[in-house]
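Inside the fold
The residues making up each chain are set out below.
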There are 6 protein chains.
Amino acid sequence: MSKKVAVYRKEHFNAAHRLNNPAWTAEENQRVFGLCNNPNYHGHNYDLIVKVVGEPNPETGYVIDMKELSSLIKELVLDKFDHKNLNLDTKEFEHLNPSAENIAIVIYDLLKDKLDPSLDLQIRLYETERNFVEYPA
Amino acid sequence: MSKKVAVYRKEHFNAAHRLNNPAWTAEENQRVFGLCNNPNYHGHNYDLIVKVVGEPNPETGYVIDMKELSSLIKELVLDKFDHKNLNLDTKEFEHLNPSAENIAIVIYDLLKDKLDPSLDLQIRLYETERNFVEYPA
Amino acid sequence: MSKKVAVYRKEHFNAAHRLNNPAWTAEENQRVFGLCNNPNYHGHNYDLIVKVVGEPNPETGYVIDMKELSSLIKELVLDKFDHKNLNLDTKEFEHLNPSAENIAIVIYDLLKDKLDPSLDLQIRLYETERNFVEYPA
Amino acid sequence: MSKKVAVYRKEHFNAAHRLNNPAWTAEENQRVFGLCNNPNYHGHNYDLIVKVVGEPNPETGYVIDMKELSSLIKELVLDKFDHKNLNLDTKEFEHLNPSAENIAIVIYDLLKDKLDPSLDLQIRLYETERNFVEYPA
Amino acid sequence: MSKKVAVYRKEHFNAAHRLNNPAWTAEENQRVFGLCNNPNYHGHNYDLIVKVVGEPNPETGYVIDMKELSSLIKELVLDKFDHKNLNLDTKEFEHLNPSAENIAIVIYDLLKDKLDPSLDLQIRLYETERNFVEYPA
Amino acid sequence: MSKKVAVYRKEHFNAAHRLNNPAWTAEENQRVFGLCNNPNYHGHNYDLIVKVVGEPNPETGYVIDMKELSSLIKELVLDKFDHKNLNLDTKEFEHLNPSAENIAIVIYDLLKDKLDPSLDLQIRLYETERNFVEYPA
């Protein structure tokens, strides 16, 4: 019988961003995104929780080695986004609004490709302690 | 292909309550509810996490505007329950025991009615850091 | 040479209270205390951190046995205030407004009497995660 | 219509452990488990969150009495593992590697047997704030 | 006898910043400030804890009304820094490096002027959960 | 005028230990230290907060570079204690009871020697979320 276990690894990165839709006027952007539209950017400490689901390896008791998962997140996500301006410094958000929802989807796609296909993946991203998102829902 | 994302908003309120079943004797209530049956009430800082699931709007990257969600929670839930005695000051718990389970169900019903029907809703309510509930499960 | 160490023990209790000055009119109380003046009470999860300062006993390495400190707090503070209405159920707040400041002073006095006089004591009380007090300052 | 609610109870225990596969050489164990293979053991504060899902009893508003759930966890899990060496002091891990995944599965099995069969159970175990697991996934 | 009590109010703001000394070369700035020198800025969720020390007013039991303190912080600090680029959008950091130390000193000076002179003030500022500062020490 | 600022860095390590006084009988040790005397050891996730007080350097705005402070803690404290058995694997606790009080004093002494003498140092050590110590008091 299969015994699927979820393992979670929490990481974090700091980044600047602004929310803006280039197809809209400045007024429309200001009306919809408010303070988050500040043209000089603002920023967040993003807390990232990566969930991986699979069956523990009977020889190790591990679904995945947490050190390997942490290294994978560092290489594919943190080195790309930490201490960066998401709008200016990353190709992922050159034409995509860096809402928490979109950042979570981007992180999912970055990690999914490199993960063993037998493992399921879910991303939780805290923009603040009070606003956070999860993908896939 | 649909890309459903969950967004979460954390809010809080403080309230007094007591657990009591009017169909029972005082002894039975004391036996079942213990300290929570104190006739003079006790109270909690309730932490409320509202989860909304839907597809991000391609123009904004938002499932729902967090400022609107926060306003909706304030208007429909916090203004009704914050700094109140749930048993004495609210019609919702006039004839319903304000257990954490029942408070979560009531909050779900208050918010569900006003939310876009395409969005799914789930309520998590912390009565203390160590006791919390979720509805629907 | 003396090596003073501070030890901290975190406990918690839930209580109902209201802020009210009986020398004032209802309007004045409402104006000053706002929602906290609700005549039907509201409530909080109080987090209590007790700090005790002294020199570690060379035989145990302890300033004070944390199990003894925890028992002392339970006996003198939690059994008195947990799941109670501070205004109605306790003699300490029969004639004293149960503001966080006053609750901290009362807890200090309750514990100071029973603690070894060579030990210093300080009380930190969280009324919410965002409002807390410390006595003595 | 059924209204299933999840209730959660958070408990904790402290324990020593080491990760080791007796079928492997010391070098292989060191290579795979790294610092966690220390032959003299290391330890953790394990935070345990037990989730129970069912319909609230209409007379009490409870899915399960949290005091009973807490007592059950204390009797079946904490008394067995708290302040213990998982490898040396427990029969559960005499021949099973005490990875977080395996500890969660063991705790699930210990509790499932004693819980009303109409209730669903899920275990979340924090080995550290940044590494945690959930079973069943 | 005087009974001084400390009261604490926790607030938060999000901002972008970069660390840079204009008297230095780009290489020197990069060497000293590392990732924090990113010319496109990065950002943080700043948690701010304001400590005010004084004697409780015997009529209210308050050192200071927390609603007033919260409004003062909002008006003097949050409205100025929240969702801003500290380097570009504020006059306080036009010629001052926005290190956590300097931000805490600036916030102290902004609040001290408007606070009753009988009250003592201390600022704690969390740049991340793991890096924080306090002024005056 | 001097403007002293405190900076804090949070780190963590996991370790096994037992409390025991070799000058006492097994019964006496059991009576005083209880579960903490388990001869097979138990363990903790220790959260360590290092406080350093000094004047910010006018050129950097730093009291001390947090990356340097973090490296110093890693080299002098974490590499020595993380994933270790404090009683068996460290010379510091070969003849000293590893109570939280004593661990904090040892960490203070390890760091004080290598820190610029113009800087003041204080150690806070969390053995659990509810039991923690500070040295010097």
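Rules used throughout
Residue positions are given per chain, counting from 1 as you read along its sequence in written order. Labels are handed out in written order, letters beginning with A for the chains and numbers beginning with 1 for the ligands. With the structure being a predicted model, the display of local features is reserved for residues of pLDDT at least 70 and the display and counting of side-chain atom pairs for 80 or more, all residues being used for whole-chain, interface and lining totals. The side-chain figures draw on all heavy atoms in the structure; neither hydrogens nor water molecules are used. Definition used for salt bridges: Asp or Glu carboxyl oxygen within 4 Å of a side-chain nitrogen of Lys or Arg. Helix and strand labels come from DSSP, where a helix needs a run of H or I of at least four residues and a strand needs a run of E of at least two; each type is numbered from the N terminus. Only protein chains enter the calculation, and the probe is 1.4 Å; a residue is then buried if its accessible area is under 20% of its type maximum, exposed if over 50%, and partly exposed in between. Alignment of copies: least-squares fit on C-alpha atoms of residues with pLDDT of at least 70 in both copies. For this analysis, residues touch if any pair of their heavy atoms sits within 4.5 Å. Contacts described as polar in this section are N or O atom pairs within 3.5 Å, which, within protein, must combine one atom able to donate a hydrogen with one able to accept it, while residues neighboring in sequence count only if both atoms come from side chains. When we speak of the arc, we mean the arc of directions from the helix axis to the C-beta atoms. Working definition: rings of Phe, Tyr and Trp (its six-membered ring) pair if their centres are within 6.5 Å, and the pair is stacked with planes under 30 degrees apart, edge-to-face with planes over 60 apart, and tilted otherwise. Two conditions define a charge sitting above a ring: the NZ of Lys or the CZ of Arg must be within 6 Å of the ring centre, and it must be within 35 degrees of the ring normal.

**Observations regarding the pattern of salt bridges**
Side-chain pairing between opposite charges can occur once the charged atoms of the two side chains come close. A complete count under the given rule lists 60 salt bridges over all chains for this structure. Among the salt bridges present, the one from Arg 130 of chain B reaches Glu 11 of chain D, with a minimum N-O distance of 2.9 Å. With Arg 130 of chain B in the loop between β4 (120-126) and β5 (131-135) and Glu 11 of chain D in strand β1 (residues 5-17), this pair bridges two chains. Given the relative accessible area of 15%, Arg 130 of chain B is considered buried. Counted as one network, the salt bridges with shared partners bring together Arg 9 and Glu 11 of chain A together with Arg 130 of chain D.

**Focus on the relation of the copies chain A and chain E**
Relative to chain E, chain A is turned by 180° and slid 0.0 Å along the rotation axis, the superposed coordinates differing by an RMSD of 0.0 Å. Viewed as a symmetry operation, the transformation between the two copies matches a two-fold axis. A shared binding surface is used by both copies, with 100% of the interface residues of chain A retained as interface residues in chain E.

**Things to note about the side chain of Asn 37 of chain A**
Residue and element names in this part refer to chain A. Relative to the elements of secondary structure, Asn 37 occurs in the loop between α1 (26-33) and β2 (42-54). Overall, the relative accessible area of 6% leaves Asn 37 in the buried class. A distance of 2.8 Å separates a polar side-chain atom of Asn 37 from the backbone oxygen of Leu 19. When residues no more than four places from it in sequence are discounted, the contact partners of Asn 37 are Arg 18, Leu 19, Asn 20, Ala 26, Asn 29 and Gln 30.

**Section: the environment of Val 77 of chain B**
All names here are of chain B. Here Val 77 lies in helix α2 (residues 66-81). Distance from Val 77 to Leu 48, taken between C-alpha atoms, is 9.9 Å for residues 29 residues apart in sequence. Not counting residues up to four positions away in its chain, the partners in contact with Val 77 are Leu 48, Leu 72, Ile 107 and Leu 111.

**Describing the arrangement of the chains**
No part of chain B reaches chain E; the closest C-alpha pair between them is 14 Å apart. Regarding chain A and chain F, the two do not touch, and the least distance separating their C-alpha atoms is 14 Å.

**Focus: α1 of chain A**
Residues and elements named next belong to chain A. Three or more residues of α1 are buried, namely Asn 29, Val 32 and Phe 33. Buried residues of α1 fall within an arc of 80° about the axis and therefore sit on the same side. Along α1, the residues that are exposed and aim more than 90 degrees away from the buried face are Glu 27 and Arg 31. A positive phi of about 55° marks Gly 34, the residue just after α1.

**Looking at the packing of aromatic side chains**
Considering all chains together, one arrives at 48 aromatic pairs over all chains under this definition. Between Phe 132 of chain C and Tyr 8 of chain E, the aromatic rings sit 4.6 Å apart at their centres with planes inclined by 10°, giving stacked as the arrangement. Note that Phe 132 of chain C is positioned in strand β5 (residues 131-135) and Tyr 8 of chain E in strand β1 (residues 5-17), a pairing that runs across two chains. Classification of Phe 132 of chain C as buried rests on a relative accessible area of 3%. By way of ring pairs, the aromatic residues Phe 13, Tyr 46, Phe 81 and Phe 93 of chain A are connected into one cluster. When the ring centre of Tyr 8 of chain A is taken as origin, the NZ or CZ atom of Arg 124 of chain D, which lies over that ring, is 4.7 Å away.

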